[in-house]
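# Summary of the model geometry
Spelled out, the chains give:
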Amino acid sequence: MRNKPIANVNADLLKERKNCSFDIEELTNLIDGGKNQTARRREIENMLLKNMPFDIIPEECLSAKEKYENAVRKSVALNKIGVELVSQVTKAKELSDLTLTLRRVSDAYFREVTPFLLHLGMFIPTILGQCSDEQVAHWLPLAMQLKIIGTYAQTELGHGTFIRGLETTATYDERTEEFVLNSPTLSSSKWWAGGLGKTANHCIVVAQLYTKGECYGTHPFIVQIRDMDTHMPLKGLKVGEIGPRLGFQTADNGFLVFDNFRIPRDSLMMKHAKVLKDGTYVKIARHSKLTYGTMIFVRVLLVSEMAFNLSKAVTIAVRYSAVRRQSELKPNEPEPQVLDYLTQQHKLFISISTVYAFQFTSNWLMKTYHTVQANMKHGNTDALPELHALSSCLKAICTSDCSAAIEQCRFACGGHGYMISSNLPSLYAFTTATRTYEGDYTVLLLQTARFLVKTWEQVELGNAVTPMVAYLARHQNREAWDESPEGIIRAFEAIAAGVYQTESVRSVSFGQSDAIKDVMKQLSDLYLLYWSLERTGDLLTTLKSTLGSYDGRVYERLMEEALKSPLNQEPVNESFHNEPEPQVMDFVSQQHKLFIGIASYYSYSMTALWLWDILTKVTSELGVGKTDRLPESHGRAVFMSVFNSEMEKSVSSLSAPLQAVLRQLVELYLYYWTLEKRGDLLLVLQSTLGSYDGRVYERLMEEALKNPPNKEPVNESFHKYLKPFIQGKL
Ligand SMILES: CCCCCCCCCCCCCCCCCCCCCC(=O)SCCNC(=O)CCNC(=O)[C@H](O)C(C)(C)COP(=O)(O)OP(=O)(O)OC[C@H]1O[C@@H](n2cnc3c(N)ncnc32)[C@H](O)[C@@H]1OP(=O)(O)O
Ligand SMILES: Cc1cc2nc3c(=O)[nH]c(=O)nc-3n(C[C@H](O)[C@H](O)[C@H](O)COP(=O)(O)OP(=O)(O)OC[C@H]3O[C@@H](n4cnc5c(N)ncnc54)[C@H](O)[C@@H]3O)c2cc1C
């Protein structure tokens, strides 16, 4: 399909393609995992292209309701073909290749996401990972053939990150051999599950399990929520759509509230724990966190999802940069392609190498995941903590880098990149959500930090650690990790880029031509070099260490630091008497994200006043500089100095406490920008989260209830598409 010559190709693009130093087909085979896989992918793509309905009106021009109905129409057509193809597959490897191909091709049909994403991405994996063998035999065929449509409802209005804090209860009633589900508070309302608002008729609900008066913590239950014939919500449930969001607009994310809702005993997913008829709780799991298994799986999947999404964004931006010409550099000569500007290459090329870094790492991570799963089947959970730590930090970094890189791709396309039709805004909206869902960025990094600290303790004790973290032991030796640039970069490469380098070298070491090897090596070097320059600051402060000081006064320094701890300033901490849950505002990492916004607001206001007066002078000064780094620093310096001096002038008449607060803001602004490059500013609130009275959950629910999809209990697409599809009549 791709090899067919296409008429009217832009001459600049043709020229760039002719310059390619390697055989594109060879690279395509490498990415697909072999010639046969490329052929199979193309076969499926061709078949889908022939059979799938395309949009007549662009998705973005439809109303919210029409968007959803259109997404259901397309999903049902795709699912029909998908179910047919899946039924022909016999081997596990073929199934995973097919699923991946379907996932990739499905992206060609949705500007947003399908309402079935959670069914495929979490409902089916949770059945596989959390059900007993008998339960799998019952639920899996129904789910695979889409006879039931499911989702994953874990997060609540009040808790997403802190799973142990979930409030939904499942209390076992041994008289009727049922669990009774309840949402005891507003904040216990399930919130966010994709497909829950209008589409799903089943749902995995994570709730606190109570039996015989004891709470055994959170467990997953499989729950029918809508009538299979009428699609009406079952009695005892309040279910609806949560309202418009940045992306995921066609995913009908929903809310769910339980009022004494009864489900059979075997609704508990019983692979890792069961409740006997008489209410006795039996723990089966060998590791207490095995119920978190689906999250690990999706974190692993997300690394490859990010590679794919960034590959789309950077393909768009590079092709456009080859076509786009701008600025007359020499009189009477053609304007250059913007791709030829070094600054443009600086924006784009790192994204190309990042795609490969993510994809190679993802292949390796998926293999590691399957190895750990296979070991766990034989009772060995030793490698689980490291898998959790790895999947946490790789998920956090790749989702964060990917959304930032997609923004760069959008910037690289100038004004046209802001058009929805460029697909860059939708790609950004989709990927920026991944930084939050399936575990927030900061929270997951902290999980990895916890693992590293524990490993460090083992290293200190002289105990063996796994190869992935063996560098911690090597770097105890000062000669191996000195403060010279080479030493620091060596350390950085070992820590952050080790997997990518070894995996990319391994993957291209046989079969591939020299031309491909050269390009892959260049991409690998670019990735390492780029990040060692970007994060040199981080590397330097690592040495800010009680353990690694030049004079070796380790124990003295440890004690000095310990005595500075705020916890040591009072003999008995108040949590001894009372242990309140912390507000997220109390986390320093959260303050780091927010307080700079306040300081920036004052900085911008002060500077705007000053700028107005001397606009001409400053404009000429801001023009100085040949690269974007220099003017950026210049602009930032202007903000800093004006803020500092103007604030000083205007605070003198204010009361002392207010003066002190404003001065702290100046200091924060200056200090922050010496460490960071970017910050966010929210000037106009208009927000359910930021209201003055702090009634966050009430407002979220009020807004959700106003949401037009909630005005009708069953959307008409159920009768038109979903019901005929489920009943096999379509
Ligand atoms: C067929 C048709 C074809 C059609 C084609 C289609 C093809 C289909 C293809 C489909 C592709 C789709 C792509 C995907 C899209 C998916 C979309 C998803 C959307 C979003 C879903 C969601 O968003 S869903 C909710 C996720 N919500 C979280 O993600 C909560 C985070 N929050 C936590 O995850 C915990 O809350 C947190 C912080 C760990 C603390 O947990 P905690 O408080 O219990 O634990 P502590 O921190 O106290 O830690 C105590 C000890 O547990 C250890 N530990 C902790 N976790 C562990 C773990 N998992 N494994 C092992 N160990 C673990 C830790 O390391 C400590 O170990 P130690 O003691 O040894 O140090
Ligand atoms: C598009 C989208 C789809 C989703 N789909 C689903 C779904 O299908 N099913 C489902 O169950 N859920 C879903 N979610 C919910 C998602 O999993 C949670 O939003 C996510 O886990 C983050 O939790 P939170 O919202 O409670 O954030 P919070 O934890 O409230 O985060 C707020 C801030 O507090 C900080 N913070 C929190 N705890 C700590 C800590 N211990 N230390 C330092 N800082 C901390 C965070 O870093 C963050 O800055 C979805 C979310 C989105 C955006």
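Just so it is clear, the structure is predicted and the values come from calculations on it, not from any experiment.

A few words now on the overall build of the protein. The helix and strand tally for the protein stands at 23 helices and 11 strands. Among the 730 residues that make up the protein, the fraction classed as buried is 31%.

Around ligand 2, the surrounding shell holds 27 residues, and the nearest of these are Gln154, Thr155, Gly160, Thr161 and Thr442. Those elements that provide at least two residues to the shell around ligand 2 are strand E1 (152-153), strand E4 (190-193), helix H12 (441-460) and helix H18 (588-613).

Reading across the sheet, the 3 strands line up as E4-E8-E7 and stay open at both edges, with antiparallel pairing between neighbours. Edge positions in the sheet fall to E4 and strand E7 (237-241), since each has one partner strand and no second. Averaged over all adjacent pairs, the angle separating strand axes in this sheet is 20°, with direction ignored. Relative to strand E8 (residues 254-258), E7 is paired through 5 bridges, and the arrangement is antiparallel. Residue pairing for E8: glycine 240 is matched across the bridge by phenylalanine 255.

Time to look at the site of ligand 1. Close to ligand 1 lie 40 residues; Gly82, Gly121, Tyr292, Tyr437 and Gly439 are nearest. Those elements that place two or more of their residues in the shell around ligand 1 are helix H4 (64-87), helix H5 (92-106), helix H6 (117-130), helix H8 (293-323), helix H10 (384-412) and H12. Residues that form the shell around ligand 1 fall into these classes: 20 nonpolar, 13 polar and 7 charged. Each of two domains, domain 1 (148-284) and domain 2 (294-451), supplies a minimum of three residues to the shell around ligand 1.

As a further point, take H6. Given a rise of 1.5 Å per residue, 14 residues ought to cover 20 Å, and the 19 Å separating the end C-alpha atoms of H6 matches this to within 8%. Along H6, the sharpest kink reaches roughly 25°, centred on phenylalanine 123 and followed within four residues by the proline proline 125. With 11 of 14 residues buried, H6 lies mostly within the body of the structure. Along H6, the residues classified as buried are Leu117, Leu118, His119, Leu120, Gly121, Met122, Phe123, Thr126, Ile127, Gly129 and Gln130. Buried-residue contacts for H6 involve helix H7 (133-144), E1, E4, strand E5 (202-211), strand E6 (214-224) and H8.

Another aspect to go through is the UniProt feature "domain: Acyl-CoA oxidase C-alpha1" (unreviewed entry) in the protein. UniProt's feature table lists "domain: Acyl-CoA oxidase C-alpha1" (unreviewed entry) at residues 292-453, given in the numbering used throughout. Summarising residues 292-453: 74% helix, 0% strand, and an end-to-end C-alpha distance of 22 Å.

What follows concerns the pairing of strand E3 (residues 178-182). Here 5 bridges tie strand E2 (residues 169-173) to E3, and the two strands are oriented antiparallel to one another. Across the sheet, the residue bridging to aspartate 173 is glutamate 178, located in E3. Hairpin connection between E2 and E3: a loop of 4 residues separates the two successive antiparallel strands, and glutamate 177 in this loop has a positive phi of roughly 55°. Both E3 and strand E9 (residues 261-264) contribute to a ladder of 4 bridges, which runs antiparallel.

Let's shift gears to the packing of helix H1 (residues 11-18) against H8. As a packed pair, H1 and H8 sit with axes 7 Å apart at the nearest point and diverge in direction by 115°. When the axis of H1 is compared with that of H8, the two are roughly perpendicular. Where H1 crosses over H8, the handedness of that crossing is right-handed. Contacts between H1 and H8 pair Asp12, Leu13 and Glu16 from the former with Arg319, Ala322 and Val323 from the latter. Residues that form the contact of H1 with H8 fall into these classes: 3 nonpolar, no polar and 3 charged.

Reading guide: rules and limits
Throughout this document, residue positions are counted from 1 along each chain, in the order its sequence is written. Labels are handed out in written order, letters beginning with A for the chains and numbers beginning with 1 for the ligands. In keeping with the model being predicted, local features are shown solely for residues with a pLDDT of at least 70 and side-chain atom pairs are shown and tallied solely at 80 or more, while totals for entire chains, interfaces and linings include all residues. Runs of E in the DSSP output that reach at least two residues are strands. Runs of H or I that reach at least four are helices, and both are numbered from the N terminus. Any residue surrounded by 20 or more other C-beta atoms within 10 Å of its C-beta is treated as buried, while 12 or fewer makes it exposed and the intermediate range makes it partly exposed; C-beta atoms here are placed from the backbone. The criterion for a residue being near a molecule or strand is a backbone-placed C-beta atom within 6 Å of that molecule or strand. When DSSP finds at least two bridges between two strands, those strands are taken to pair. Here an angle of 0 to 180 degrees is reported between the N-to-C directions of two axes, which are lines fitted to C-alpha atoms, with helices fitted over the stretch in contact. Three classes are used: nonpolar for Ala, Val, Leu, Ile, Met, Phe, Trp, Tyr, Cys and Pro, charged for Asp, Glu, Lys and Arg, and polar for all others, with Gly counted as polar. Here the limits of each domain have been adopted from an automatic or database domain assignment. What a helix should span is 1.5 Å times the count of its residues minus one. One axis fitted to the seven residues ending at a residue, another fitted to the seven starting there: the angle between these axes is the bend at that residue. We call two residues in contact if the C-beta atoms placed from their backbones are at most 7 Å apart. UniProt positions are given in the numbering used here, feature names are shortened, and annotations may be inferred rather than shown by experiment. An angle counts as roughly parallel when it lies under 35 degrees, as roughly antiparallel when it exceeds 145, as roughly perpendicular when it falls between 65 and 115, and as oblique in every other case. With the far helix as reference, a near helix turned anticlockwise by less than a right angle produces a left-handed crossing, and one turned clockwise produces a right-handed crossing.

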